[in-house]
Every structure is written in C-alpha cells, then in structure tokens.
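# Observations on the model geometry
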Amino acid sequence: MYDGYGIFMVEIKGGGGVRRTGSKKRLLCMLGTLFVLLAAGCGRSDRKITHTQKDQTVKIPITFLIDAATGKRENEDLVRAFNEAYEGIYEADVEWLAITAGEYRSNLKRWNVADELPAIITDVCFSPAFYELMLADGRLVDLAPFIDEDPEWKDAFEKDVLDTCREGDASLYICPTASNCFSYSGVFYHKKMFEKAGIREFPKTWDDFFVCCQKLEQIGITPVGLHTAGTAWTPMLFATAYLGTSTYGQEFMHRRLPQDYNGRAGQDLVNMLEKLYEYTNADGIYQDFDVPYHQFANEEIAMLPNGFWMLLQFVDDKAETVGFAPFPENVMIASAQSSGWGIVSSYPKEVQEGAAAFLKFRTLQTQEQAEIFLHEKSEDITTLEREYIAAVKKDPVVIPNYQFQWNSILQEQVLMEELPRLLYRTIDAQQFIDAMNESVRRYYEE
C-alpha cells in the first residue's frame, strides 16, 4: 500500500458477506469472497510449484502491516487462503507489525543492510534508489523464469503489465498484480458544482478544462485541490498527465531516473504547474494531501485527482453525486510497479519456490477480482464505480506514476522546497528546472 501523500494503492481485501448495492462494504465484500473461491475452486493441483523438500512444510517469511485505525491485518485473507490451498507443502509465515507504511519502508533499508529481509517484500519500488541498490547487490530473484515458463501465470496478467516491470534484458524482479484496474488515477469531481456553473460533462481537452476552471471560479467555487508537501501528489498528477498529450511527453515520462529536465517536456511540466495554481485555494502551498482531500470531502472544492482507493470513501448518496473521469485527452496515471512484490535471493531454493507459489496465487486472485469488478451488472454498482469502470475500459493513454520514475531528492526536497518558491515567483521556471537537474547530480553523488 502506497500512501505518504503520494499514491495510495489499496490491496483490495474483505471477508465475504452479503452484497449491499451502492456501499463501500458491498464492494469490499464482493472482492473479498474471491479468496474463498481461489482456495476452494483452484486447489493445489494447478497452483503448486514443485520444490525439493516433500517431507516437511516449507515456511515463507513475510511481513505485513496492521492498520492502526481498524486493527485489520493486511492481506490476512490472502494468507489464510494460500495456507489452506498449500497445507503440508508451503506456509506463509507472517509477522504482522503495527507500524506505518513509511516505517515499513525504513525497515526494509535497515533489514537489507543487516541481511534480515523476509523472503517476500512488498513496496519493492517505493524508492528508485532502493530498487536500484537491490538490483546492484543481487538481492532480488529474477522472476522471469518462473513466470515466462508458466503459461497460466503469465497469461493471467493484463497486456503490458509485466513488460512495464521488466529490465532491458527482459529480467523481472518484481511481480505486480494481474491487473491495473485497481491502480488508475484520474479526476474526481462534484457534479452539483459543475451543474451550478453550467458545465454538463467533465472536459475532454485541456483548453476546456481551464474554461471549466474559469466558470467555477466565476461563481465562487474553488476549482481544484492542490498542495506542495509530501511529493506534491495532486499538482504532479495533473502536470504529468498533461505530458501524456504529446509524444515527447509520453517518452519522457517512461524514462526511469531522467538525467535532464530541460527541453519541451520539462518546460511543459513547469508551465502546467504554474497555471494550475491560478485555480486553487490560497492554502494550496505548504500543505499536505490531507488538506485538499478533506476540502473535497466537505464539498469545498470541485475537483481532486486521485486513484481507485477514493471510490471506497464515497458511499450511498455521495457515490451518485461524485463523478470520476480520465484526465483531459483520455489520459490516466498508473504504474504496475506500485503493486510489485519481490523475492529475496538469500533464501534457499525451496523457500524461493514457495514464495513464487505465493506470488502466483496472488496474481490469479487479482485476475479474478478484476474480472468480477469490471463486469459487474449496472444495477449492482454505484454510478461512481460505473464511471471508473467506463474510464478503465476506454483504452486510456497510460502515463507512469512519477513517484516510481524520478529520483527521491527531486520528489522529497525540490517539490517540497522549490515548488513554493516558483509559485511565489521568487524563482522562475528555468531556475526550478535547474533545481530538478541539480537533484540528479546530488542523487548520484549520494
């Protein structure tokens, strides 16, 4: 799960139960029952990956988190279903920790140095620097032989999901979920505010988007919710989505750890950031994501870009009055890396094989979840869910999440410190780009 006021990618889970049309509980329960289906319907015969030890259960160390607010154990249903399906062969041996996602990522770094990593790690790509370090040190198992030689596993992934996670030599060190359908980010908006401003539908082009912002502002409605703290998630979603409208922008966004932010793509990015801040609250600077999020929830702003997890926050009547749309020009943000889990190479072969079985089990689970969600009958889902599904099925232009592409200094320092200076006009666009380029130099020095 990624949060930290950047991408918040939810691992869908639940405990089964009765459907309740139009509610968060109904969606969670519908998807959660799949764990039972997987355990009962698929069984060991088509899930088993052979290992060398048959006389005892092979334990697979994994660490998952406990939600401090709810006490819910992360992935508990997945673990239970896997252990039932592989009883006597493999066992997911889980340590549940009551820590935040940020603390877990810090622990990953510490465990790596001390050679105390669990066999399966989540959030492998939370930092490009950490992922590159793991590759350089040979700490991750190449999953390509496991997946490419297993047609059932490989065919479970949506088109291009695996390819976006591969290295240049076709090796594969992270296993994403089968589908991006729970990973897309677009724009949530209040339909009543649009109607009040005489806007009939979400704008299809960027020109229309800014006309929409002007109309909202003219009647006293703040158009968009923005912030600069964290990794400036909401403005960066808009700005990087804008790059998806050009060939050179798309090419730039698909580079991992770009070396130079000069050029048309960098200039377009900065120009869009400056323009966006003409249509937000005065407190859209030096604030974290929770500020615009609560403003949107309280109907104080008209639009907020974000991902699938926000569907779960709007239930019943609000799920009918909040809309969802791709960014203008049919662009959406998604990165398969956000859901990528990896296997640590220091474990014995039989543990690595058991870990691969667990990852395959997870892949087939999310494939079935996606199939059910995307083909729900209209009467069984909310309008908001229906609009999200329609956007996913509209063959959007998909732009990678910048958080998995750009260096950590740029994200955590330049955006935090220099973006406000740009918006207050104490530096100009070129000086901001220079600061981004300086982050590249510092990143490689460190």
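Here is a short report on the structure shown in this document.

The rules behind these values
Residues numbered from 1 in each chain as written. Predicted model: local features only at pLDDT ≥ 70, side-chain atom pairs only at ≥ 80, totals over all residues. Heavy atoms only, no water. Buried < 20%, exposed > 50% of the residue type's maximum accessible area, 1.4 Å probe, protein only. Helix = DSSP H or I, 4+ residues; strand = E, 2+ residues; numbered from the N terminus. Arc of directions from axis to C-beta. Pairing = 2+ DSSP bridges. Right-handed = clockwise from strand over helix to strand, strands pointing away. Contact = heavy atoms within 4.5 Å. Axes fitted to C-alpha atoms, helices over the stretch in contact; angles between N-to-C directions. Parallel < 35°, antiparallel > 145°, perpendicular 65-115°, else oblique. Left-handed = near helix turned anticlockwise from the far one by under 90°. Nonpolar A, V, L, I, M, F, W, Y, C, P; charged D, E, K, R; others polar. Phe/Tyr/Trp six-rings, centres within 6.5 Å; stacked < 30°, edge-to-face > 60°. Lys NZ or Arg CZ within 6 Å of the ring centre and 35° of its normal.

## With respect to helix α13 (residues 290–297)
- What α13 keeps buried is the set P292, Y293, Q295 and F296. When α13 is viewed along its axis, its buried side chains cluster within an angular range of 165° and face the same direction.
- E299, located one to two residues past α13, shows a positive phi value of around 60°.

## Some words on the pairing of strand β1 (residues 58–65)
- Summarising burial for β1: six of the eight residues are buried, a large majority.
- For β1 and strand β2 (residues 90–97), the ladder comprises eight bridges, and the chain directions are parallel. In the strand pairing of β2, F64 is matched with W96.
- Each parallel crossover has a hand, and for β1 linked through helix α3 (residues 76–85) to β2 it is right-handed.

## So, the environment of A265
- Note that A265 resides in helix α12 (residues 264–276).
- Among the residues examined, A265 registers a relative accessible area of 8% and is labelled buried.
- Along the backbone, A265 and G244 are 21 residues apart, and their C-alpha atoms lie at a distance of 9.9 Å.
- Each residue touching A265, except ones within four places of it in the same chain, is listed here: L243, Y248, G249 and F252.

## Points about the pairing of strand β6 (residues 301–307)
- Taking burial as the measure, the seven residues of β6 include seven buried ones, the bulk of the element.
- Bridge count for strand β4 (residues 185–190) against β6 is five bridges, and the pairing is antiparallel. Of the residues in β6, the one forming a bridge with G186 is N306.
- Examined bridge by bridge, strand β5 (residues 222–224) and β6 share two bridges and lie parallel to one another. Bridge assignment links T222 to a residue of β6, and that residue is I301.

## Describing unusual backbone geometry
- For D123, which is not a glycine, the phi torsion comes out positive at approximately 55°.
- Within the secondary structure layout, D123 lies in the loop between β3 (120–121) and α5 (128–136).
- Even without being a glycine, N330 presents a positive backbone phi close to 60°.
- Relative to the elements of secondary structure, N330 occurs in the loop between β7 (322–325) and β8 (331–333).

## With respect to the packing of α3 against helix α15 (residues 349–374)
- At a closest axis distance of 11 Å, the pairing of α3 and α15 adopts a crossing angle of 120°. One finds that α3 runs oblique with respect to α15. Between α3 and α15 lies a crossing whose hand is right-handed. Contacts between α3 and α15 involve L78, V79, A81, F82 and A85 from the first element and G354, A357, F358, F361, R362 and Q365 from the second.
- In terms of residue class, the contact of α3 with α15 is built from eight nonpolar, two polar and one charged.

## Description of the packing of aromatic side chains
- Scanning the model with the defined rule gives 35 aromatic pairs in all.
- Here the aromatic rings of F188 and F324 are separated by 5.0 Å at their centres, their planes lie at 70°, and the arrangement is edge-to-face. Placement of F188 in strand β4 and of F324 in strand β7 is noted, with a sequence separation of 136 residues between them.
- When the centroid spacing of 6.4 Å and the interplanar angle of 15° are considered together, the rings of W341 and F358 count as stacked. One end of the pair, W341, is in the loop between β8 and β9 (342–343); the other, F358, is in helix α15, with 17 residues separating them in the sequence.
- A cation over a ring is seen here: K275 above F210, with NZ or CZ 4.3 Å from the ring centre.
- Cation over ring: R362 sits above W341, and NZ or CZ is 3.6 Å from the ring centre.

Don't take any of this as a statement about function, it's just geometry.
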